[in-house]
Amino acid sequence: QVQLVESGGGLVQAGGSLRLSCAASGRTFNRNSMGWFRQAPGKERERVAVISWSSNTYYADSVKGRFTISRDTTKNTVYLQMNSLKPEDTAVYYCAAANTAALVTTKSADYWGQGTQVTVSS
């Protein structure tokens, strides 16, 4: 059974940093795309940052220059380093993975984690 388990969320002041981790189990995703999505109350889930098996990346315009996605294939884990956090970054952050090599989207994701809350206070 495939599981994605996120960790690292929490409460931080504006301008602060957090590092999210997503550990996959049940299979390896070294040849697949993984990524981070978020959903704020009353809003649709949006793609934040994703990485392909060849380390191509996508970032939402709202996080470019502040967030960095990376992966450790030896640990089957993907990370999201979030710097210069803003109150508008407050959301539940979800890890996702796809069975394909293409950059994962909300529609193409095959596996989802349970989510981790990130709250940025002003």
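Since this is a predicted model, take the numbers as computed values, not measurements.

J.: Give a description of the sheet that holds strand S7 (residues 67-72) that names residues and reports values.
T.: Here we have four strands laid out as an open sheet, ordered S1-S3-S8-S7, and antiparallel in their pairing. In this open sheet, the two edge strands, each paired with only one partner strand, are strand S1 (3-7) and S7. Pairs of neighbouring strands in the sheet enclose a mean axial angle of 15°, with direction left out of account. Bridge count for S1 against strand S3 (residues 18-25) is five bridges, and the pairing is antiparallel. Among the inter-strand pairings, Ser7 is bridged to a residue of S3, identified as Ser21.

J.: So what's going on with the state of the cysteines? Residues and values would help.
T.: All told, the structure shown has one disulfide when counted by the stated rule. One disulfide bridge connects Cys22 with Cys95, the sulfur atoms lying 2.0 Å from each other. Between Cys22 and Cys95, the S-S dihedral sits near -75°, and the bridge is therefore left-handed. Remark: Cys95 occurs in strand S9 (residues 91-97) and Cys22 occurs in strand S3; sequence separation between them is 73 residues. Summarising the burial analysis for this pair, Cys22 and Cys95 share the class buried.

J.: So what about the packing of aromatic side chains? Which residues, and what values?
T.: A full pass over the atoms with the stated rule returns three aromatic pairs. On the basis of an interplanar angle of 65° and a centroid distance of 5.0 Å, the ring pair of Phe37 and Trp112 is categorised as edge-to-face. With Phe37 in strand S4 (residues 34-39) and Trp112 in strand S10 (residues 111-112), the pair connects residues that are 75 residues apart, well separated along the chain. A ring pair is formed by Tyr94 and Trp112, whose centres lie 6.4 Å apart and whose planes are at 85°; its orientation type is edge-to-face. Placement of the pair is Tyr94 in strand S9 and Trp112 in strand S10, with a sequence separation of 18 residues. Given a relative accessible area of 14%, Tyr94 falls into the buried group. A residue is classified by how much of its surface remains accessible, and Trp112, at 30% relative accessible area, is partly exposed. Counting every residue linked through ring pairs, the aromatic cluster contains Phe37, Tyr94 and Trp112. Directly above the ring of Tyr94 sits Arg45, whose terminal nitrogen or CZ lies 3.7 Å from the centroid.

J.: Kindly report on the pattern of salt bridges, identifying the contributing residues and their values.
T.: Overall, the coordinates contain four salt bridges when judged by the stated rule. One salt bridge connects Asp89 with Arg66, and the closest N-O pair in it is separated by 2.8 Å. Here Asp89 is found in the loop between strand S8 (77-82) and S9, whereas its partner Arg66 is found in the loop between strand S6 (57-59) and S7, with 23 residues between them in sequence. You'll find Asp89 and Arg66 in the same group, each marked buried. Each member of the salt-bridge network shares a partner with another, and the members are Arg38, Glu46, Arg66 and Asp89.

The rules we used
- Residue indices begin from 1 for each chain and proceed along its sequence in written order.
- Only residues with pLDDT of at least 70 are given local features in this predicted model, and only at 80 or more are side-chain atom pairs given and counted; all residues enter the totals for whole chains, interfaces and linings.
- The side-chain numbers reported here are obtained from all heavy atoms of the structure, hydrogens and water having been left aside.
- Whether two strands pair comes down to DSSP finding at least two bridges between them.
- Elements are defined by DSSP. Helices are runs of H or I of four residues or more, strands are runs of E of two residues or more, and each kind is numbered from the N terminus.
- Angles run from 0 to 180 degrees between N-to-C directions of axes, and those axes are lines fitted to C-alpha atoms, restricted for helices to the stretch in contact.
- In this description, the term disulfide denotes a pair of cysteine sulfurs within 2.5 Å.
- The buried label goes to any residue with under 20% of its type's maximum accessible area, the exposed label to any with over 50%, and the partly exposed label to all in between, with areas taken from a 1.4 Å probe on protein chains only.
- Classification of ring pairs uses Phe, Tyr and Trp, with its six-membered ring standing for Trp, and accepts pairs whose centres are within 6.5 Å; under 30 degrees between planes counts as stacked, over 60 as edge-to-face, and the remaining range as tilted.
- Both a distance and an angle decide whether a charge sits over a ring: NZ of Lys or CZ of Arg must be within 6 Å of the ring centre and within 35 degrees of the ring normal.
- The salt bridge definition used is simple: a Lys or Arg side-chain nitrogen within 4 Å of an Asp or Glu carboxyl oxygen.

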